[in-house]
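Tertiary structure, described
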2 protein chains.
Amino acid sequence: MSKADRTKSRILETAIELFNDRGTKAVTTNHIAAALGISPGNLYYHFRNKEEIIRAIFVQMHEVGVSEYREINDPRGPGNAASMEETFLMIQRFNWRYRFFKRELAALVQSDPELKALFVASHREHLAMVRQAIDASIEQGFFREIPLHLRELLTEQIWLMALFWLNYLEVGGEEVTEATLARGNEILRTMMLPYLSESALRSVMQGSGVHTL
Amino acid sequence: MSKADRTKSRILETAIELFNDRGTKAVTTNHIAAALGISPGNLYYHFRNKEEIIRAIFVQMHEVGVSEYREINDPRGPGNAASMEETFLMIQRFNWRYRFFKRELAALVQSDPELKALFVASHREHLAMVRQAIDASIEQGFFREIPLHLRELLTEQIWLMALFWLNYLEVGGEEVTEATLARGNEILRTMMLPYLSESALRSVMQGSGVHTL
DNA sequence: GTCTATAAGCGGATAGAC
DNA sequence: GTCTATCCGCTTATAGAC
């Protein structure tokens, strides 16, 4: 890793922290440089402008996200309640780490077409991953048979939850805690319940107090 | 309506349009004044600053929203599929009218505690309205009996969809059209399907191609 | 109420030395 | 690579005339 690369990633780290705390609007390139102890000129040597910093953060974020997902989701691994919930929590913790981005997502992609293209591609990839998980769960007998069109709807239903649960908590005035994240998982579980197979239902019933319909 | 009030509401109207088009960050108080054909000084006579304009927009938005909701939702009226979908569409159109606000929601409430307090109150009110609709639907035999805790989860599940569907479309690179709004309704319908009563199920089946489980 | 004029300050960005 | 110095332009906000 070259010296330039090291400075670059220090800039990104600092920027993420400041953005998370105060938002991209309030944090200027000067603030980032000052927090890091480098000069504004130096920062501009590494990045053309603030937008480019944000895009670089997103690229990093996407890579980390996909690799973390693959780590805990062997595509041929068990489609079951525990793994689904673990994945949901992982995504939420991930969103928390880059929380400024999800907070400002709609505004950011509106004002930067290049970032929008990056995000849309990532978004589709994630949808495909969710869809694959659903298909796998059916194949493994964790979910029952589900018509194709319904699988599409289910995919979006799930992904929308994963994408916006943190935002939902924050704008509703709730703290992000283990408890509120767990509530998200409860809702997800509720969404999935109608689609569990007989055998999955039986094994889930033995666990914690899931509500029957 | 006094002259001051008329100018005030013209400022708000213009601000909403500009904010929707370019976002609150890109639109300055000067832009708003210029677009309206008044002087910057005049604008500052009516509002202390941009934040105050945004708060005023939100207050107006909340009032319009609640009154529109009550208009099409007689609390004792029919809890049925048609009215639920009509309500969803109404909310989406409403969100579209003030789309800048939902786009920037998380960032706006983060940087303005006063706005946050207003929004949280409104948010709770909306949750209560959704909850009431669920209870009424059960009472009227449109939904089957649902345990209390599950009703809570269902309330949030529905409200999250209503709140973020437009955002979901936009960040995914989709246009907001009749078709994409209808897809939101389809997802909502899917969420509700497990909770329909026998009689509601029968009447829904006769309608358009709803997917059975 | 509305205007004109303007102060004050900041953010973004670059040039050129080291 | 990094720094210092600096500039332009813009945004906010106010004072004071009408």
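The structure under discussion appears in the preceding block.
Summary of the structure given here. Everything numeric here is computed off the predicted structure, so don't read it as measured data.

1. A look at the overall build of chain A
Along its length, chain A carries 10 helices and zero strands. Listing every helix and strand of chain A by position from the N terminus yields α-α-α-α-α-α-α-α-α-α. Expressed along its principal axes, the backbone C-alpha trace of chain A runs to roughly 65 × 35 × 30 Å. The buried share of chain A, reckoned over its 213 residues, is 53%.

2. Describing the interface of chain A and chain B
Listed as interface residues are 49 residues of chain A and, on the opposing side, 48 residues of chain B. Summed over both partners, the interface of chain A with chain B comes to about 4200 Å²; 66% of that surface belongs to carbon and sulfur atoms. When the buried area of chain A at its contact with chain B is split by residue, Leu160(A), Tyr168(A) and Val171(A) rank highest and sum to 17% of it. The tally of links between chain A and chain B comes to two salt bridges. Here Arg183(A) ties to Glu156(B) by a salt bridge, and the two come within 2.7 Å at their closest N and O atoms. Counting across the interface, chain A meets chain B through eight residue pairs in polar contact (both at pLDDT 80 or more). The greatest single-element share of the side of chain A that touches chain B, amounting to 15 residues, is contributed by helix α8 (residues 148-171) of chain A.

3. So, the side chain of Thr190(B)
Along the polypeptide, Thr190(B) turns up in helix α9 (residues 178-192). For Thr190(B), a relative accessible area of 8% puts it in the buried group. Not counting residues within four places of it along the chain, the set of residues in contact with Thr190(B) comprises Leu150(A), Leu153(A), Gln157(A) and Tyr195(A).

4. A few points about the relation of the copies chain A and chain B
For the pair chain A and chain B, the superposition axis carries a translation of 0.0 Å, the fit reaches an RMSD of 0.1 Å, and the rotation angle comes to 180°. Read as a symmetry element, the transformation amounts to a two-fold axis. Same-surface contact between copies: 98% of interface residues of chain A are shared with the interface of chain B.

5. What about the protein's contact with DNA strand D?
In the vicinity of DNA strand D, 19 residues are found, and the nearest of them are Ala4(A), Ser39(A), Asn42(A), His46(A) and Thr29(B). Backbone atoms, meaning sugar and phosphate, make up 72% of the atoms of DNA strand D lying within 4 Å of the protein. Between DNA strand D and Ser39(A) there is a distance of 2.8 Å, counted from a phosphate oxygen to a backbone nitrogen or oxygen. His46(A) has a polar side-chain atom sitting 2.8 Å from a phosphate oxygen of DNA strand D. When residues of the surface near DNA strand D are traced back to their parent elements, those giving at least two are α1 (3-26) and α3 (40-46) of chain A together with α2 (29-36) and α3 (40-46) of chain B. It is α3(A) that contributes the most residues to the surface near DNA strand D, four residues altogether.

6. A few points about the protein's contact with DNA strand C
Close to DNA strand C lie 17 residues; Thr28(A), Ala4(B), Ser39(B), Asn42(B) and His46(B) are nearest. Atoms of DNA strand C within 4 Å of the protein belong to the sugar or the phosphate in 75% of instances, the rest to bases. Between a phosphate oxygen of DNA strand C and a side-chain N or O atom of Tyr44(A), the distance comes to 3.2 Å. A distance of 2.9 Å separates a phosphate oxygen of DNA strand C from a polar atom in the side chain of His46(B). Among the secondary structure elements, those contributing two or more residues to the surface near DNA strand C are α2 (29-36) and α3 of chain A together with α1 (3-26) and α3 of chain B.

7. Thoughts on the side chain of Ser137(B)
Residues and elements named next belong to chain B. Among the secondary structure elements, Ser 137 is positioned in helix α7 (residues 113-139). Among the polar contacts listed, one links the side chain of Ser 137 to the backbone oxygen of Ala 133, at a separation of 2.9 Å. With near-sequence residues (within four places) excluded, Ser 137 lies in contact with Gly 79, Phe 142 and Phe 143.

8. Quick notes on helix α6 (residues 99-111) of chain B
Residues and elements named next belong to chain B. Taking 1.5 Å per residue as the helical rise, α6 with its 13 residues ought to reach 18 Å, and the 18 Å between its terminal C-alpha atoms agrees with that figure. Of all 13 residues in α6, 10 are buried; the element is thus mostly enclosed. Listing the buried residues of α6 in full gives Arg 99, Phe 100, Phe 101, Lys 102, Arg 103, Glu 104, Leu 105, Ala 106, Leu 108 and Val 109.

9. Considerations on the pattern of salt bridges
One pass over the structure, following the stated rule, counts 28 salt bridges over all chains. Across the pair Arg93(A) and Glu178(A) runs a salt bridge whose closest N-O atoms are separated by 3.3 Å. Of the two residues, Arg93(A) sits in helix α5 (residues 81-97) while Glu178(A) sits in helix α9 (residues 178-192), which places them 85 residues apart along the sequence. Residue classification places Glu178(A) among the exposed positions, given a relative accessible area of 54%. Of the charged contacts in the structure, one is a salt bridge between Arg97(B) and Glu68(B), with a shortest N-O distance of 3.3 Å. Here Arg97(B), found in helix α5 (residues 81-97), pairs with Glu68(B), found in helix α4 (residues 50-72); they are 29 residues apart in sequence, far enough to count as distant. Taking relative accessible area as the criterion, Arg97(B) reaches 38% and is therefore assigned partly exposed. The exposure class assigned to Glu68(B) is partly exposed, which follows from its relative accessible area of 21%. One salt-bridge network, in which partners are shared between bridges, spans Arg131(A), Asp135(A), Glu145(A), Arg151(A) and Glu152(A).

What counts and how
Residues numbered from 1 in each chain as written. Chains lettered and ligands numbered in written order. Predicted model: local features only at pLDDT ≥ 70, side-chain atom pairs only at ≥ 80, totals over all residues. Heavy atoms only, no water. Helix = DSSP H or I, 4+ residues; strand = E, 2+ residues; numbered from the N terminus. Buried < 20%, exposed > 50% of the residue type's maximum accessible area, 1.4 Å probe, protein only. Contact = heavy atoms within 4.5 Å. Buried area = accessible area lost by both parts, 1.4 Å probe. Salt bridge = Lys/Arg side-chain N within 4 Å of Asp/Glu carboxyl O. Polar contact = N/O pair within 3.5 Å; in protein donor to acceptor, adjacent residues only side chain to side chain. Least-squares fit on C-alpha atoms with pLDDT ≥ 70 in both. Near = heavy atom within 4 Å. Expected span 1.5 Å × (residues − 1).

Read these as layout, nothing more, since geometry by itself doesn't imply function.
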